[in-house]
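Examining the three-dimensional arrangement
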Amino acid sequence: MTSLPALRTTALVTLAPLLLAAAGATHPAHLTAATAGHWTALHIALLPVFPFLALGLVLPLRGRPFRGIDGVLALLAWAGSLCYSAYYAGLDAVAGISAGVVVDHGVHGAAGRLFATGDELGRAGVHGLTLAVLATSALLWRRHGVRVLPGALVLLAACWSFWDSHIFWPRGVLTMLGFASGFALLTVASSASEEIGSPVLGRGGRPQHQRRQEQQPCGEADYG
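Residues numbered from 1 in each chain as written. Predicted model: local features only at pLDDT ≥ 70, side-chain atom pairs only at ≥ 80, totals over all residues. Heavy atoms only, no water.

Helix length check: helix α6 (residues 149–165) (17 residues) gives 24 Å between terminal C-alpha atoms against 24 Å at 1.5 Å per residue, within 8%. Along α6, the positions that sit buried rather than exposed are Gly151, Ala152, Leu155, Ala158, Cys159, Ser161, Phe162 and Ser165. Just beyond α6, the residue with positive phi is His166, at close to 50 degrees. (Helix = DSSP H or I, 4+ residues; strand = E, 2+ residues; numbered from the N terminus. Expected span 1.5 Å × (residues − 1). Buried < 20%, exposed > 50% of the residue type's maximum accessible area, 1.4 Å probe, protein only.)

Our next topic: the layout of surface pockets. Over the atoms rolls a probe the size of a water molecule, and its path tells where empty space is left. The calculated volume of the second largest pocket comes to roughly 370 Å³. Along the wall of the second largest pocket there are 19 residues; nearest its centre are Tyr88, Leu91, Asp119, His166 and Phe168. If you list the elements that add at least two residues to the lining of the second largest pocket, you get α2 (36–46), α4 (68–104), α5 (110–144) and α6. (1 Å grid on protein atoms, 1.4 Å probe; cavity = no way out; pocket = protein on both sides within 12 Å on 5 of 7 lines; lining within 4 Å. Points joined across faces, edges and corners; volume = space filled by probe spheres on them.)

With that settled, consider the environment of Arg123. Mapping Arg123 onto the fold places it in helix α5. Residues Arg123 and Tyr88, spaced 35 residues apart in sequence, show a C-alpha to C-alpha distance of 8.0 Å.

For α2, the complete set of buried residues consists of Ala36, Trp39, Thr40, Leu42, His43 and Leu46. Viewed end-on, α2 has its buried residues packed into an arc of 165 degrees, placing them on one side of the element. Looking at the packing, one finds that the buried side of α2 touches α1 (4–24), α4 and α5. (Arc of directions from axis to C-beta. Contact = heavy atoms within 4.5 Å.)

This part is about the packing of aromatic side chains. One pass over the structure, following the stated rule, counts seven aromatic pairs. For the ring pair Trp39 and Phe115, a centre distance of 6.0 Å and an interplane angle of 70 degrees mean the geometry is edge-to-face. A residue pair is termed long-range when its members are at least 10 positions apart, and Trp39 in helix α2 and Phe115 in helix α5 qualify at 76 residues. Taking the centre distance of 5.6 Å and the plane angle of 80 degrees together, the rings of Phe162 and Phe179 count as edge-to-face. With a gap of 17 residues between them, Phe162 in helix α6 and Phe179 in helix α7 (residues 171–195) connect regions that are remote in the sequence. In this structure Phe162 comes out as buried when scored by relative accessible area, which is 1%. Taking the relative accessible area as the measure of exposure, Phe179 reaches 0% and is therefore buried. By the ring-pair criterion, three or more aromatic residues cluster together here, those being Phe50, Tyr84, Tyr88, Phe162, Phe179 and Phe183. (Phe/Tyr/Trp six-rings, centres within 6.5 Å; stacked < 30°, edge-to-face > 60°.)

Spelled out as structure tokens, the structure:
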């Protein structure tokens, strides 16, 4: 049975992708004079939401010291999440808000250039998000084992789709639901491992306490 803290964490990490999925269901398919007002208002509302998509990757890393390889992976996860948050917010501001405003005011020829710039920002953001997914998944795998793989694979598939789907209906909405599912799977797998007291694995896939016992000289094994 999933614990209450795990349920709270699951709710936190799935909130942003579920909000983005709901918004994507109403996202105009094309930016025109008729849809420009809705387009602009929607992206203004989503500006603070997009960065929180990365919460599902950094929340599992909170409150624990990391050293060695785990420290490097945690640093990469945070750096990738920061890259995503900054650059994808840039996409929202440029191709969302700015493009919507110029079309709404009848400025011709500017929207195409804004879309091109926004696409570059968005791709940089997705690269950062993919790095964060890989780093967080690798760190959690070292800590919790293969039970985190389903969530990691779902998140990687969602990153691949996010490359060119944004939140447009239908693929973008399904992409956001994929992120919500992947974050939930990672959270449940990690919390389940902690609740049952799974040993931390060392090199070679053996529990660290077992490796310490094997390294003790003869006659000094702990029989307590």
